[in-house]
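# Results of the structural survey
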Amino acid sequence: MSFPDKEKRQKCWDSRDRYWECLDKSGDQMEKCMEVRAVYETTCPSQWVKHFDRKREYLKFKERIQNDGLQTACGPVASKNSLTVPRQRVYRQTVTTFT
């Protein structure tokens, strides 16, 4: 695979943006965006499609964490919308001197 020229890269990014916009409007229901997805997959190299898909998942995950907080097995962790104060970790410092 050769690296896409500027025009092909721009078409790829535009089709990715249209696909993501479709997903945002449809509430991430892929069934409603299959036609746009097909254009996205044909205009972008397959490795780029994989990368952009993972990036979108990460950005959605990051947004959910920032807005709703992180749920762990030990309970919720404070988020920016939470009024709780996160616990501080205390570390002991060990100093060894050699004589």
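Refer to the structure presented above.
The following refers to the structure shown. Since the model is a prediction, treat every value here as computed from it, not as a measurement. (Residues numbered from 1 in each chain as written. Predicted model: local features only at pLDDT ≥ 70, side-chain atom pairs only at ≥ 80, totals over all residues. Heavy atoms only, no water.)

## Notes on the side chain of Ser-26
- Within the secondary structure layout, Ser-26 lies in helix H1 (residues 6–26).
- A distance of 3.3 Å separates a polar atom in the side chain of Ser-26 from the backbone oxygen of Gln-29.
- Not counting residues within four places of it along the chain, the set of residues in contact with Ser-26 comprises Lys-32 and Cys-33. (Helix = DSSP H or I, 4+ residues; strand = E, 2+ residues; numbered from the N terminus. Polar contact = N/O pair within 3.5 Å; in protein donor to acceptor, adjacent residues only side chain to side chain. Contact = heavy atoms within 4.5 Å.)

## A look at the packing of aromatic side chains
- Applying the stated rule across the entire model yields two aromatic pairs.
- Between Tyr-19 and Tyr-40 the ring centres are 5.2 Å apart and the planes differ by 15°, which places this aromatic pair in the stacked class. Taken together, the residues span a long stretch of sequence, with Tyr-19 in helix H1 and Tyr-40 in helix H2 (residues 34–43) at a distance of 21 residues. Like Tyr-19, the residue Tyr-40 is buried in the burial classification.
- Taking the centre distance of 6.3 Å and the plane angle of 80° together, the rings of Trp-48 and Phe-52 count as edge-to-face. (Phe/Tyr/Trp six-rings, centres within 6.5 Å; stacked < 30°, edge-to-face > 60°. Buried < 20%, exposed > 50% of the residue type's maximum accessible area, 1.4 Å probe, protein only.)

## A closer look at the packing of H1 against H2
- Between H1 and H2, whose axes approach to 9 Å, the crossing angle comes to 155°. Classified by the interaxial angle, the pair formed by H1 and H2 is roughly antiparallel. Two packed elements cross with a definite hand, and for H1 against H2 that hand is left-handed. Facing Lys-8, Lys-11, Cys-12, Ser-15, Arg-16, Arg-18 and Tyr-19 of H1, the residues of H2 in contact are Val-36, Arg-37, Val-39, Tyr-40 and Thr-43.
- Residue classes in the contact of H1 with H2 are distributed as five nonpolar, two polar and five charged. (Axes fitted to C-alpha atoms, helices over the stretch in contact; angles between N-to-C directions. Parallel < 35°, antiparallel > 145°, perpendicular 65-115°, else oblique. Left-handed = near helix turned anticlockwise from the far one by under 90°. Nonpolar A, V, L, I, M, F, W, Y, C, P; charged D, E, K, R; others polar.)

## A word on the environment of Glu-35
- By the secondary structure assignment, Glu-35 is in helix H2.
- The spatial distance from the C-alpha of Glu-35 to the C-alpha of Tyr-19 is 9.0 Å, given a sequence separation of 16 residues.

## So, the pattern of salt bridges
- Under the criterion given, the structure shown has eight salt bridges.
- Salt-bridge contacts for Arg-37 lead to Glu-41; the nearest nitrogen and oxygen are separated by 2.8 Å. Here the residue Arg-37 and the residue Glu-41 both occupy positions in helix H2, the gap between them amounting to four residues, near one helical turn.
- When its relative accessible area of 12% is taken as the criterion, Arg-37 is described as buried.
- On the basis of relative accessibility, which here comes to 42%, the residue Glu-41 falls in the partly exposed class.
- For the salt bridge of Arg-37 with Asp-53, the shortest nitrogen-to-oxygen distance reads 2.9 Å. Highlighted residues: Arg-37 in helix H2 and Asp-53 in helix H3 (residues 46–68), separated in sequence by 16 residues.
- Shared partners join several salt bridges into a network, and the residues in it are Asp-24, Asp-28, Arg-56 and Lys-60. (Salt bridge = Lys/Arg side-chain N within 4 Å of Asp/Glu carboxyl O.)

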